[in-house]
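The chain contents come next:
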2 protein chains.
Amino acid sequence: MFNFVFQNTTKLVFGRGQIAQLQTLIEKNKKVLVTFGGGSVKRNGVYEQVREALKDHNTVEFWGIEPNPAVETLRKAIKVGLDEQVDMVLAVGGGSVLDGTKLIAAGIACPDTDAWTIVKTGTATKQIPFASVMTLPATGSEMNNGAVISCHETKEKFAFRGDYPVFSILDPETTYSLPKHQIACSLADIVVHCFEQYMTTSGQSRVLDRWAEGVIATAMEVAPLIQADQHNYDVMADYMFSATMALNNFIRMGVTQDWSTHQIGHELTALCGVTHGESLAIVYPGTAEVLREQKKAKLLQFGERVLGVCEGSEDERVDQVIAKIEAFFKSLGLATRLSEKGIGVDVVEEIARRFNERGVHFGEAKNVTGDVAREILMKRL
Amino acid sequence: MFNFVFQNTTKLVFGRGQIAQLQTLIEKNKKVLVTFGGGSVKRNGVYEQVREALKDHNTVEFWGIEPNPAVETLRKAIKVGLDEQVDMVLAVGGGSVLDGTKLIAAGIACPDTDAWTIVKTGTATKQIPFASVMTLPATGSEMNNGAVISCHETKEKFAFRGDYPVFSILDPETTYSLPKHQIACSLADIVVHCFEQYMTTSGQSRVLDRWAEGVIATAMEVAPLIQADQHNYDVMADYMFSATMALNNFIRMGVTQDWSTHQIGHELTALCGVTHGESLAIVYPGTAEVLREQKKAKLLQFGERVLGVCEGSEDERVDQVIAKIEAFFKSLGLATRLSEKGIGVDVVEEIARRFNERGVHFGEAKNVTGDVAREILMKRL
């Protein structure tokens with residue numbers, strides 16, 4: 001293991017009926033900006049539960065944080081928070097609402113800095129306290145210190161880091177009404193989050209190898225069960241819990257990380273509007289294929305321990321593992337090829353150009369440049 | 001999963017040379033009571049590293065916290081802390097030093113309450129900040145909010161809960177010089193900590209089942225590697241990390257817990273001075289045997305996933321699993337029978353009497369009474 005410092009201060013409040021805890025989790029003397037997405041929380045009963053729990057609190061609402069939250073929208077929310085002099089921000093919704101809220105919390109704390117400047121520096125030095133009621137398991141944002149923000153003007157999408165949520169409430173029952181495509185995208189997100197932290201150099205941590213494998217195995221196991229019955233509490237709880245554990249910094253302690261698939265995927269979202277989870281399903285098999293030598297030991301270990309791939313030569317087994325990963329994404333109903341989304345070589349070239357221009361070196365071996373990204377994407381046409 | 005609230009605020013500072021971080025982890029204006037055990041840290045270089053890092057801090061030292069820390073000793077340390085008006089306590093040593101330090105931190109914060117009274121209430125309502133340099137991986141105390149304290153006067157041993165350490169520094173190199181018996185006991189402790197949280201009702205959490213299995217598999221895998229070479233950094237890092245992950249509340253989120261083996265083991269320590277880890281190695285096979293029906297699904301799952309036990313009827317497989325668990329403890333060089341420690345029926349009867357007198361109902365099914373404890377121990381004569 002490499003040296004590391006780990007601290008995750010988020011209070012995780014998990015289970016049936018836990019939204020009511022808002023009443024005591026937030027002090028009565030705090031003025032709260034409550035942020036929402038497009039309105040699905042009004043249809044699934046979450047909004048009513050939040051209103052009931054906060055009926056004695058001083059709250060202001062901000063609606064309309066979109067998927068892949070745009071800085072253009074978030075600047076408006078920051079203005080509301082500053083005008084209303086709120087003390088904290090509560091996100092109610094999925095990872096996009098919370099990611100946006102993390103930037104709102106930073107923008108309110110640093111009123112003299114433009115929000116996109118905060119994102120581009122990569123780190124929010126100051127944020128007012130923020131928390132969440134998380135209704136869509138996927139990003140892990142509810143228990144981590146990262147956020148990904150888009151800029152419509154420049155067609156860019158970047159991540160920044162800052163504080164952890166003070167608390168996050170997760171009630172698996174809020175997932176009963178999620179659209180099937182959102183669940184599919186979120187399962188791909190969970191699995192690829194783990195791959196980014198696990199499918200790297202082998203032999204770094206016996207415990208964390210098994211923990212990453214455990215989260216991936218869970219996501220793969222519950223996927224067909226969710227398709228069969230989206231109202232099974234235990235299954236939806238395992239699903240929701242696995243999303244949080246996939247990206248709360250637990251499985252990355254002291255190990256190298258990849259993240260090149262996410263970086264390439266962010267470009268597909270920024271340039272072509274591909275949903276985040278689907279972008280990962282398209283890109284990941286290409287990343288594994290192009291970097292198969294570098295990742296071979298881990299691909300084989302994953303194949304043996306999680307997929308039961310034990311027959312054949314090493315190369316044949318790696319082929320089987322990559323094919324099974326793609327088959328899993330397909331089983332979710334997701335596109336796994338660029339052509340399925342109408343994306344061609346021109347976009348591939350634009351991404352390669354951007355990466356080369358930025359001089360990036362992504363991945364655990366810092367070898368994913370624009371040219372390697374092109375190679376990965378050309379395998380996914 | 002059951003509803004749960006999880007929050008673990010400890011900053012974990014892990015790796016080679018990290019003791020030097022003390023210099024910045026503790027503010028210069030804080031007066032620190034530094035607590036130690038019997039002096040092994042003077043022989044392995046840890047003491048010098050701590051002194052060097054804290055050379056510009058105002059510190060007071062307290063030496064002599066024994067294994068199974070006794071309230072009689074800790075009262076003296078509390079008096080030193082109060083007389084010297086310290087702001088925080090830093091434990092340097094193993095789990096016993098840190099457990100004792102947790103009570104010292106509580107005693108200093110509550111000077112009007114006797115320390116044993118704090119233990120017996122089960123919860124410390126107030127503690128001054130405390131932290132650790134952990135040199136013996138075993139108890140998980142470095143990243144949890146519990147502590148176990150003994151009372152020589154009454155020959156009792158009880159746990160209490162309170163705050164988490166502010167930070168804990170773990171440098172795997174500090175384990176290079178640990179006596180082989182201490183490592184053996186700590187490996188048993190790690191494995192049984194996981195059993196207490198895992199070998200219960202089945203089907204509660206797919207992720208946490210796999211995480212507990214992952215920690216146990218790691219401990220079992222590194223055990224012979226440590227015996228072969230105690231200076232392999234990666235192996236000792238996996239060992240040290242597994243101890244922390246076994247008992248930092250991660251693998252117990254939303255699942256039932258047992259802890260009856262620990263309760264029975266504490267009595268063997270309190271009455272006969274059996275080392276904690278060895279007491280668990282003696283008791284656990286009895287707990288698994290007596291409660292084999294209740295724990296059957298988990299014993300089978302553990303057998304299949306971790307021990308490769310797949311042949312035979314369910315009962316035969318359970319027999320194999322329990323035999324393999326005992327064989328693992330034996331491979332560490334630990335006693336697994338009471339008679340090996342010269343303990344007979346009289347002690348068994350005293351433990352049964354105490355449990356019946358206290359009216360305890362331990363275990364995930366709340367069915368481990370004094371009579372069941374007797375049954376467990378009679379299988380371990």
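Quick caveat: nothing in here was measured; it's all calculated off a predicted structure.

1. A word on the overall build of chain A
And step 1. Looking only at helices and strands, one finds 15 helices and 8 strands in chain A.
And step 2. Relative to a compact globule of 381 residues, whose C-alpha radius of gyration would be 21 Å, chain A shows 20 Å and is just as compact.
And step 3. On the principal axes, the C-alpha backbone points of chain A span a range of 65 × 45 × 45 Å.
And step 4. Each of the 381 residues in chain A was classed as buried or not, and the buried ones make up 63%.
And step 5. Across chain A, contacts joining residues at least 24 apart in sequence account for 78% of those joining residues at least 6 apart.

2. Quick notes on the sheet that holds strand β8 (residues 167–170) of chain A
And step 1. The 12 strands are arranged β3(A)-β2(A)-β4(A)-β5(A)-β8(A)-β1(A)-β1(B)-β8(B)-β5(B)-β4(B)-β2(B)-β3(B) in an open sheet whose pairing can be described as mixed. Whereas interior strands pair on both sides, the edge strands pair on one side only; in this sheet they are β3 (58–62) of chain A together with β3 (58–62) of chain B. Across this sheet, the average inter-strand angle for adjacent strands is 25 degrees, counted without regard to direction.
And step 2. By the bridge criterion, 3 bridges tie strand β5 (residues 130–134) of chain A to β8 of chain A in an arrangement that is parallel. Within the sheet, the bridge partner assigned to M134 of chain A lies in β8 of chain A and is L170 of chain A.
And step 3. Here helix α5 (residues 95–109) of chain B sits on the sheet and contacts β2 (31–36), β4 (88–93) and β5 (130–134) of chain B; the angle it forms with β4 of chain B, its principal contact strand, is near 165 degrees.
And step 4. Sitting on the sheet, helix α9 (residues 233–246) of chain B is in contact with β1 (4–14) of chain A together with β1 (4–14), β5 and β8 (167–170) of chain B, with an inclination near 150 degrees to β1 of chain B.

3. Some details on the environment of E340 of chain A
Residue and element names in this part refer to chain A.
And step 1. Here E340 is to be found in the loop between α13 (314–331) and α14 (345–358).
And step 2. Measuring from C-alpha to C-alpha, the distance between E340 and R380 comes to 10.0 Å, with 40 residues separating the pair along the chain.
And step 3. In terms of polar contacts, E340 uses its side chain to reach the backbone amide nitrogen of T336, at 3.0 Å.

4. As for the relation of the copies chain B and chain A
And step 1. Each copy of the sequence occupies a distinct position, and chain B is placed on chain A by a rotation of 180 degrees and an axial shift of 0.0 Å, giving an RMSD of 0.0 Å. Accordingly, the operation relating the two chain copies is best matched by a two-fold axis.
And step 2. Counting the interface residues of chain B, we find that 100% of their copies in chain A are interface residues as well, pointing to one common contact surface.

5. What about the interface of chain B and chain A?
And step 1. Counting residues at the interface gives 43 residues for chain B, matched by 43 residues for chain A.
And step 2. Three residues stand out in chain B for area buried against chain A, namely M1, R206 and W211 of chain B, and they jointly supply 20% of the buried area on that side.
And step 3. Taken together, the links from chain B to chain A amount to 6 salt bridges.
And step 4. The salt bridge involving R210 of chain A is made with E221 of chain B; its shortest N-O contact spans 2.6 Å.
And step 5. Counting across the chain B and chain A interface gives 19 residue pairs in polar contact (both at pLDDT 80 or more).
And step 6. For the side of chain B that touches chain A, the secondary structure elements donating two or more residues are β1, α8 (206–228) and α9 of chain B.

6. Some details on the confidence of the model for chain A
Reading predicted coordinates in detail is not appropriate for stretches of low pLDDT.
And step 1. In this model, chain A carries a mean pLDDT of 97, and residues with pLDDT of at least 70 account for 100%.
And step 2. Both confidence scores are given for the complex: pTM 0.97, ipTM 0.97.

7. A look at the packing of helix α7 (residues 180–198) of chain B against helix α11 (residues 276–290) of chain B
The packing of two helices is summarised by the inter-axis angle and the distance between the axes.
Residue and element names in this part refer to chain B.
And step 1. Closest axis-to-axis distance for the α7/α11 pair is 7 Å, and the angle between their directions is 50 degrees. Considering the angle they form, α7 stands oblique to α11. Pair α7 / α11 crosses with left-handed handedness. In this structure, α7 contributes H181, C185, A188, D189, V192, H193 and F195 to the contact, and α11 contributes H276, G277, E278, L280 and Y284.
And step 2. A breakdown of the residues in the contact of α7 with α11 according to their chemical character gives 6 nonpolar, 4 polar and 2 charged.

8. Some thoughts on the side chain of D99 of chain A
Residue and element names in this part refer to chain A.
And step 1. Residue placement: D99 occurs in helix α5 (residues 95–109).
And step 2. For the buried D99, no salt bridge exists, and the shortest N-O distance to an oppositely charged side chain is 4.7 Å, to K102.
And step 3. The residues contacting D99, other than those within four sequence positions of it, are P69, S141, G146, A147, V148 and I149.

9. A word on the packing of helix α10 (residues 260–272) of chain A against α14 of chain A
Residue and element names in this part refer to chain A.
And step 1. Across the interface, α10 lies against α14 with an axial gap of 11 Å and an inter-helix angle of 120 degrees. The orientation of α10 relative to α14 falls into the category oblique. Taken as a pair, α10 and α14 cross one another with a handedness that is right-handed. Taken together, the residues of α14 that come into contact with α10 (itself represented by Q263, I264, E267, L268, L271 and C272) are V347, E350, I351, R354, F355 and R358.

10. Re the pairing of strand β7 (residues 156–161) of chain A
All names here are of chain A.
And step 1. Bridge count for strand β6 (residues 146–151) against β7 is 6 bridges, and the pairing is antiparallel. By the bridge assignment, C151 is partnered in β7 with E156.
And step 2. Taking the residues between adjacent antiparallel strands as the criterion, β6 and β7 are bridged by 4 residues, where K155 takes a positive phi near 50 degrees.

11. With respect to the pattern of salt bridges
And step 1. Considering all chains together, one arrives at 56 salt bridges over all chains under this definition.
And step 2. A salt bridge links E267 of chain A to R354 of chain A; its shortest N-O distance comes to 2.8 Å. With E267 of chain A in helix α10 and R354 of chain A in helix α14, this residue pair connects regions lying 87 residues apart in the sequence. Across the pair, R354 of chain A and E267 of chain A agree in class, each one buried.
And step 3. Of the charged contacts in the structure, one is a salt bridge between R51 of chain B and E61 of chain B, with a shortest N-O distance of 2.9 Å. Taken together, the residues R51 of chain B in helix α3 (residues 46–53) and E61 of chain B in strand β3 connect sequence positions 10 residues apart.
And step 4. Exposure remark for E61 of chain B: the relative accessible area of 29% places this residue in the partly exposed category.
And step 5. Among the ionic contacts, a cluster of salt bridges with common partners joins E267, E350, R353, R354, E357 and R358 of chain A.

12. A look at helix α15 (residues 370–378) of chain A
Each α-helix turn comprises 3.6 residues. Residues three or four places apart therefore point the same way.
And step 1. Of the residues making up α15 of chain A, those classed as buried are G370, V372, A373, I376 and L377 of chain A. Take α15 of chain A and look down its axis: the buried residues cluster within an arc of 160 degrees, on one side only.

13. Re unusual backbone geometry
Residue and element names in this part refer to chain A.
And step 1. In this model, W259 sits at a positive phi of 70 degrees, which is unusual for a non-glycine residue.
And step 2. Residue position: W259 is located in the loop between α9 (233–246) and α10.
And step 3. Note on W259: relative accessible area 18%, which makes it buried.

14. Some remarks on the side chain of D209 of chain A
Residues and elements named next belong to chain A.
And step 1. In this fold, D209 is placed in helix α8 (residues 206–228).
And step 2. By relative accessible area, which is 8% here, D209 ends up buried.
And step 3. For D209, the residues in contact, after removing those within four places along its chain, are Y198, K298, Q301 and R305.

15. A closer look at the environment of T135 of chain B
Residue and element names in this part refer to chain B.
And step 1. Within the secondary structure layout, T135 lies in the loop between β5 and β6 (146–151).
And step 2. You can call T135 buried: its relative accessible area is 6%.
And step 3. Sequence separation between T135 and S279 is 144 residues, and the spatial gap between their C-alpha atoms is 21 Å.
And step 4. Here T135 is in contact with V46, G93, G94, T174, T175, L178 and M240, once residues within four sequence places are set aside.

About the thresholds
- Residues numbered from 1 in each chain as written.
- Chains lettered and ligands numbered in written order.
- Predicted model: local features only at pLDDT ≥ 70, side-chain atom pairs only at ≥ 80, totals over all residues.
- Heavy atoms only, no water.
- Helix = DSSP H or I, 4+ residues; strand = E, 2+ residues; numbered from the N terminus.
- Rg over C-alpha atoms; globule rule 2.2 N^0.38 Å.
- Buried < 20%, exposed > 50% of the residue type's maximum accessible area, 1.4 Å probe, protein only.
- Contact = heavy atoms within 4.5 Å.
- Pairing = 2+ DSSP bridges.
- Axes fitted to C-alpha atoms, helices over the stretch in contact; angles between N-to-C directions.
- Polar contact = N/O pair within 3.5 Å; in protein donor to acceptor, adjacent residues only side chain to side chain.
- Least-squares fit on C-alpha atoms with pLDDT ≥ 70 in both.
- Buried area = accessible area lost by both parts, 1.4 Å probe.
- Salt bridge = Lys/Arg side-chain N within 4 Å of Asp/Glu carboxyl O.
- pLDDT = per-residue confidence, 0-100.
- Parallel < 35°, antiparallel > 145°, perpendicular 65-115°, else oblique.
- Left-handed = near helix turned anticlockwise from the far one by under 90°.
- Nonpolar A, V, L, I, M, F, W, Y, C, P; charged D, E, K, R; others polar.
- Lys, Arg positive; Asp, Glu negative; His and termini not counted.
- Arc of directions from axis to C-beta.

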